[in-house]
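Notes for the structure review
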Amino acid sequence: MGWVLFQGTKRGHSPLLISFTMATIASAGLGFWFLRNLSPTPIALSEPIPLPDPIQLERPLPRPILDGRDPLLATVPNKVPQPPAAASTHAKAILPTVPPPALQPVPPSQGPAPQVRVAIARDQSQLTVGTAVATAVTNDQQQVMTQLTPSQGVVVTARDGFLLWNGQPLAPSLWIRPSNQLAFVGDKWYRGVVRLIAQGNTVTAVNQVDLEQYLVSVVGSEVYPDWPMETLKAQAIAARSYALAQMFQPASRFFDLGNDERWQVYRGIETEWNTTQAAVQATRGIVLTKSGRVMVSMYAATDDIVRDVFGGRGMSQTGAYELGKRGYNHLQILGTYYPGAGLSQLQTQ
């Protein structure tokens, strides 16, 4: 599969065409093979929730920060979301005194998105997995090893590099591909495919999911979903660029990046919102580039953290919020925090 970036035009420059390739995981179809009929121990799973409306919230919104510190902004109350509380004096956003330069726009991509591999659990002694629909569990050769019963969780452990399904050894690696693209791992629901990997006596779970769908959750995990739409768009582009850069240089042969503050916070469907979905869709396939490469677009909660952790190179999320609240669009927000960058459109061939 090839990825092509159509870079936005800057004044006095011609569009650039940059091609990237990345190996994809291929599985040989060797037919179905049932090892035995394993009866999973029933474990009740929470029900997948529909895409929530941020105007009718029944639960607090998350506000993680990339460096792992406690949130500087107050939690949004139940029912009706409120603007974030003012940050402390030392954490206030440093805003430009003149309108920031806007990046040149590019249209959203209309093509399919690549798949990103996210480690959603690492080095666990055990994991509960499940699905909402009957699902075959296969090994790396696509041989069926067992079945998942709808809404019943199964405890997976590992011993000496082999996965144990309710105590029964099955394979070093197992795949869960539910027909409705919803799988339960640990305590959360995720879209896409889940791969379980035995590493010694621990289990690692990798979620292989559409990049754009992944971003709907990331944006909802990194910022409030009731922030200005232009801020959400800027966050979506920054998060997409960061993820794509990691896909070009994967963290492991098994996954591209993790799911916590070390990478980008990703919590599956629990942090998907209609506003974050709209922001991702409006910027579909658009990434930041510089010098012909996808930018590793760092960002953090405040200007102070960006300065201290990233040497001043990156987007302040509180600053992006303030700019969005003042009426700046996402092109101006990105132009403020990523000087010299351009925008390109990602297409999958």
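The paragraphs below set out a description of the structure included in this document. From a predicted model like this one, the values you see are computed outputs, not experimental measurements.

Conventions used here
- Residues numbered from 1 in each chain as written.
- Predicted model: local features only at pLDDT ≥ 70, side-chain atom pairs only at ≥ 80, totals over all residues.
- Heavy atoms only, no water.
- Buried < 20%, exposed > 50% of the residue type's maximum accessible area, 1.4 Å probe, protein only.
- Helix = DSSP H or I, 4+ residues; strand = E, 2+ residues; numbered from the N terminus.
- Polar contact = N/O pair within 3.5 Å; in protein donor to acceptor, adjacent residues only side chain to side chain.
- Pairing = 2+ DSSP bridges.
- Salt bridge = Lys/Arg side-chain N within 4 Å of Asp/Glu carboxyl O.
- Phe/Tyr/Trp six-rings, centres within 6.5 Å; stacked < 30°, edge-to-face > 60°.
- Lys NZ or Arg CZ within 6 Å of the ring centre and 35° of its normal.
- Axes fitted to C-alpha atoms, helices over the stretch in contact; angles between N-to-C directions.

**Brief notes about helix 6 (residues 330-337)**
Of all eight residues in helix 6, seven are buried, a share of seventy percent or more. Taken together, the buried positions of helix 6 are occupied by His330, Leu331, Gln332, Ile333, Leu334, Gly335 and Tyr337. Backbone nitrogen of leucine 331 and a side-chain oxygen of the N-cap are separated by 3.0 Å at the start of helix 6; the cap is asparagine 329.

**Description of the pairing of strand 16 (residues 286-290)**
Summarising burial for strand 16: four of the five residues are buried, a large majority. Sheet analysis places strand 16 next to strand 17 (residues 293-294), joined by two bridges and oriented antiparallel. Looking across to strand 17, one finds that threonine 289 is bridged to valine 294. Taking the residues between adjacent antiparallel strands as the criterion, strand 16 and strand 17 are bridged by two residues, where serine 291 takes a positive phi near 55°.

**Notes on the pattern of salt bridges**
According to the stated counting rule, one finds nine salt bridges in the structure shown. Through salt bridges that share partners, Asp304, Arg307 and Asp308 make up one connected network.

**Some points on unusual backbone geometry**
Positioned with a positive phi, aspartate 160 is a non-glycine residue whose angle comes to about 55°. When its relative accessible area of 67% is taken as the criterion, aspartate 160 is described as exposed. Positive phi is not limited to glycine here, since glutamine 181 has a value of about 60°. Along the polypeptide, glutamine 181 turns up in the loop between strand 10 (173-176) and strand 11 (182-185).

**Here we look at the packing of aromatic side chains**
Within the structure shown, the criterion is met by five aromatic pairs. With a centroid separation of 5.7 Å and 50° between ring planes, the pair formed by tyrosine 190 and tyrosine 266 is classed as tilted. Separated by 76 residues along the polypeptide, tyrosine 190 in strand 12 (residues 188-191) and tyrosine 266 in the loop between strand 15 (257-258) and helix 3 (274-282) bring together distant segments of the chain. Its relative accessible area of 3% is what places tyrosine 266 among the buried residues. One aromatic cluster is present, formed by Tyr190, Tyr214 and Tyr266 through successive ring pairs. Over the ring of tryptophan 263 we find arginine 262, and its NZ or CZ is 4.2 Å from the ring centre.

**Section: the sheet that holds strand 12**
Pairing within the open sheet is antiparallel, and its six strands lie in the order 9-8-7-4-11-12. Each of the sheet's edge strands pairs with one partner strand only, and the pair in question is strand 9 (168-171) and strand 12. Neighbour-to-neighbour, the strand axes of this sheet turn through a mean angle of 35°, independent of strand direction. Sheet topology places strand 7 (residues 154-159) next to strand 8 (residues 162-165); four bridges connect them, and they run antiparallel.

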